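# Observations on the three-dimensional arrangement
In case you want the letters, here they are:
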Amino acid sequence: MATSYKDVVGKARRAFNMGKTRPIEFRRQQLMQLKKMYQENRQTFHTALKSDLNKPQLEAEVFELDFAEKDVDFLLSKLDSWVKTEEVPSIVPGDKSYIIRDPYGVVLVMGAWNYPLQLALIPAAGAIAAGNTVIIKPSEVAPATAAAITKFLPKYLDQECFHVVCGGVSETTELLKQRFDYIFYTGSTMVGKIVREAANRFLTPITLELGGKSPCYIDDTADMDISVRRILWGKMFNLGQTCIAPDYVLCRKEVQNKFVQKAKEVLLEWYGENPKDSPCLSRIITERHVDRLAEYLKDGKPVVGGHHDKTSKWIEPTILVDVSFDSKIMNEEIFGPILPILNVETPEQAVDIINNREKPLAFYVFSTKKDDTDMFLQQIPCGGITVNDTLHHAANHNLPFGGVGHSGMGAYHGDYTFYTFTHLKPVLMRQFDKDQDAILKKRYPPYNEEKLKILTS
Ligand code: NAD
């Protein structure tokens, strides 16, 4: 196994060193091929996402296929302006100063299983746009989507420059022994640490898109009907298996009562009497995760939902109250359709609770009180924030997306994706006659007081 990874990386490195990925036309053509792959194999990708996660078609389009395809359109629309060498002002008259947008080289992209298509292919597309060769490792936990990527990608993209490798923990361990020029990893914080350690061996720069608990604060000024819909939508999308899903809610007891009452109505309206029969809900990825989530159900009182069924990988949309801050559910990322509500008396108390934990990937505040909202924006260190809605800061490509601390390092989306995979290479060009310049001449030894004065004035 080790030699084959060595071969794959070697092949990608040779292609990079030969300059194959540098021409803009090559990059453009590869991106157009990627778009074609999405378009010509739409149904197969839908079937794979259904098989892995029972993803409803709307969700598979909105946050996987259409999302990834539009991302390619964006890359294509910006490519010319991004790659242009930029001239910047010089300090010494007559010099020329430039920034060259330089690709790093061989990039490894490792995706997660919850959005198994876009989390592997959007970073890969960015790396292609920036002129790198790319090794893509889709998550083995979503095997049907990984198989579809493995089957189609080589048919559409250049086979020397772009490679798909598959496998689980042992294969990933071997893969990480190879030397890459950039690693882009999406997954858990625990494995993120392993990836960083592996990257350190070669001082490889990395982006870590990790997870954690994303809190949600709601006060009595928020429109309850709209807030409940927006929080539950963010929570139940992909059956809670979204890195930025609202993980838990903090509010006063009176707000909790109104929230629960409205949530019962909304969940009934969306999913009917028997949510398990609803075509609008995904399934939990594996039975192991069902077991993990079923344990959390014991950490509070279910006021909505509460059922699970291991064989059909089902956890019912659930709201838990009477949950302790010390419970297991409050100390691990939930990553499923269980929403605990915990009570606080003041927004300051909410800030205190959140800031005494690891920095979240996302934070949500529902309020019309400007001062309180501003306080949250200023005082909560986290990956990103949406005010009065959920998930949406991740859908605007003008905003960087990423975590901080235990929720990650680095960011991508939009322009940030291109710059993630690009080294800004500064160049200064000077003519030989510059040594006649009165000031430049003063740098040479022997040093003296007069030279020091002139050079520091
Ligand atoms: P994971 O970290 O458990 O696994 C990711 C991949 O790492 C696996 O597919 C496997 O190949 C490899 N791996 C697992 N254990 C390993 C080990 N010991 N040594 C080497 N490699 C190993 O993550 P996951 O379960 O695929 O994803 C869920 C996590 O990802 C959640 O925490 C979620 O919040 C996070 N996530 C973050 C984002 C984001 O954009 N920030 C997006 C999606 C998911």
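Conventions adopted
- Residues numbered from 1 in each chain as written.
- Predicted model: local features only at pLDDT ≥ 70, side-chain atom pairs only at ≥ 80, totals over all residues.
- Heavy atoms only, no water.
- Domains from an automatic or database assignment.
- Contact = heavy atoms within 4.5 Å.
- Buried area = accessible area lost by both parts, 1.4 Å probe.
- Salt bridge = Lys/Arg side-chain N within 4 Å of Asp/Glu carboxyl O.
- Polar contact = N/O pair within 3.5 Å; in protein donor to acceptor, adjacent residues only side chain to side chain.
- Helix = DSSP H or I, 4+ residues; strand = E, 2+ residues; numbered from the N terminus.
- Near = heavy atom within 4 Å.
- Areas by Shrake-Rupley, 256 points an atom, 1.4 Å probe, with all protein chains shown as cover.
- Nonpolar A, V, L, I, M, F, W, Y, C, P; charged D, E, K, R; others polar.
- Axes fitted to C-alpha atoms, helices over the stretch in contact; angles between N-to-C directions.
- Parallel < 35°, antiparallel > 145°, perpendicular 65-115°, else oblique.
- Left-handed = near helix turned anticlockwise from the far one by under 90°.
- Pairing = 2+ DSSP bridges.
- 1 Å grid on protein atoms, 1.4 Å probe; cavity = no way out; pocket = protein on both sides within 12 Å on 5 of 7 lines; lining within 4 Å.
- Points joined across faces, edges and corners; volume = space filled by probe spheres on them.
- Buried < 20%, exposed > 50% of the residue type's maximum accessible area, 1.4 Å probe, protein only.
- Right-handed = clockwise from strand over helix to strand, strands pointing away.
- Core = buried A, V, L, I, M, F, W, Y, C linked by side-chain atoms within 4.5 Å.

### A word on the domain arrangement of the protein
Once the domains are mapped, the protein shows domain 1 (2-210 + 408-424) and domain 2 (215-402). Look at where the C-alpha atoms of domain 1 and domain 2 centre, and you get two points 30 Å apart. With 23 residues of domain 1 at the interface, the matching set in domain 2 holds 24 residues. A buried area of about 2,100 Å², summed over both sides, lies between domain 1 and domain 2, and 61% of it is on carbon and sulfur atoms. In terms of surface lost to domain 2, no three residues of domain 1 exceed E59, F63 and W113, which account for 25% of the buried area on that side. Where domain 1 packs against domain 2, one counts 0 salt bridges. Where domain 1 touches domain 2, the interface holds 9 residue pairs in polar contact (both at pLDDT 80 or more). Those elements that place two or more of their residues in the side of domain 1 that touches domain 2 are α3 (42-53), α4 (57-83) and α14 (415-420).

### Some thoughts on the site of the ligand
Taken together, 26 residues form the shell around the ligand, and within it W113, E140, Y185, S188 and E333 come nearest. Side-chain polar atom of W113 to an oxygen atom of the ligand: 2.7 Å apart, as the coordinates give it. At 2.3 Å, a side-chain N or O of Y185 approaches an oxygen atom of the ligand. Burial of the ligand by the protein chains amounts to 88% of its free accessible area of 850 Å². When residues of the shell around the ligand are traced back to their parent elements, those giving at least two are α7 (169-175), β6 (182-186) and α8 (189-200). Examining the composition of the shell around the ligand, we find that 3 residues originate from one element, α7, more than from any other. Of the residues belonging to the shell around the ligand, the class tally is 12 nonpolar, 10 polar and 4 charged. Among the domains, domain 1 (2-210 + 408-424) and domain 2 (215-402) are the pair contributing at least three residues each to the shell around the ligand.

### Here's the deal with the packing of helix α2 (residues 24-40) against helix α6 (residues 143-156)
Packing of α2 against α6 brings their axes to within 9 Å, and their N-to-C directions diverge by 135°. Looking at the two axes, α2 sits oblique to α6. α2 and α6 meet at a crossing whose hand is right-handed. Contact residues: Q30, Q33, L34, K36, M37 and E40 in α2; F152, L153 and Y156 in α6. Split into classes, the residues belonging to the contact of α2 with α6 amount to 5 nonpolar, 2 polar and 2 charged.

### Some words on the sheet that holds strand β17 (residues 408-409)
Overall, mixed pairing links the 6 strands, which are arranged β5-β4-β3-β6-β7-β17 in an open sheet. The sheet terminates laterally at β5 (162-164) and β17, the two strands that pair on one side only. Relative to β6, strand β3 (residues 106-110) runs parallel, the two sharing 4 bridges. Bridge pairing in β6 places M110 opposite Y185. Contacting β3, β4 (133-137), β5 and β6, helix α5 (residues 118-129) crosses the sheet at an angle of about 175° to β4.

### Considering the sheet that holds strand β18 (residues 422-429)
Pairing within the open sheet is antiparallel, and its 3 strands lie in the order β1-β2-β18. In this open sheet, the two strands that pair with only one neighbour each are β1 (86-88) and β18. In this sheet, adjacent strand axes meet at a mean angle of 30° when their direction is disregarded. Bridge analysis of β1 against strand β2 (residues 96-103) gives 3 bridges, and the strand direction is antiparallel. Each bridged residue has a counterpart across the sheet, and for E87 the counterpart in β2 is Y98.

### Thoughts on empty space enclosed by the protein
Taken as a whole, this structure holds 1 cavity of 30 Å³ or more when the rule is applied. Put simply, the largest cavity is a space of about 50 Å³. Considering the residues around the largest cavity, the lining is formed by G212, S214, K235, G240, T242, C243, A245, P246, D247, E333, I334 and F335. Residue composition of the lining of the largest cavity, by class: 5 nonpolar, 4 polar and 3 charged.

### With respect to the pairing of β6
For β6, the buried fraction is high: 5 of the 5 residues fall into the buried class. For β6 and strand β7 (residues 206-209), the ladder comprises 4 bridges, and the chain directions are parallel. Residue pairing in the sheet places I183 in a bridge with I206 of β7. A crossover connection joins β6 to the parallel β7 through α8; in handedness this β-α-β unit is right-handed.

### Some remarks on the nonpolar core
Ranked by internal contacts, the top residues of the largest apolar core, which has 114 residues, are I218 and F259. Residue contributions to this core peak at 12 residues, all from α4. Once residues lying within four places of it in the same chain are set aside, the contact partners of I218 are M224, S227, I231, V249, L250, C251, V255, F259 and F366. With 20 residues, the next largest nonpolar core counts A12, V106, I135 and Y185 among its residues.

### Observations regarding unusual backbone geometry
In this structure, P446 follows P445 across a cis peptide bond, with omega equal to -5°. When you line up the elements, P446 lands in the loop between β18 and α15 (449-456). If you check the backbone angles, L239 has positive phi at about 50° while not being a glycine. In this fold, L239 is placed in the loop between α9 (224-236) and β9 (248-251). On the basis of relative accessibility, which here comes to 0%, the residue L239 falls in the buried class. For F335, which is not glycine, the phi dihedral falls at a positive 55°. Relative to the elements of secondary structure, F335 occurs in the loop between β13 (318-321) and β14 (338-343).

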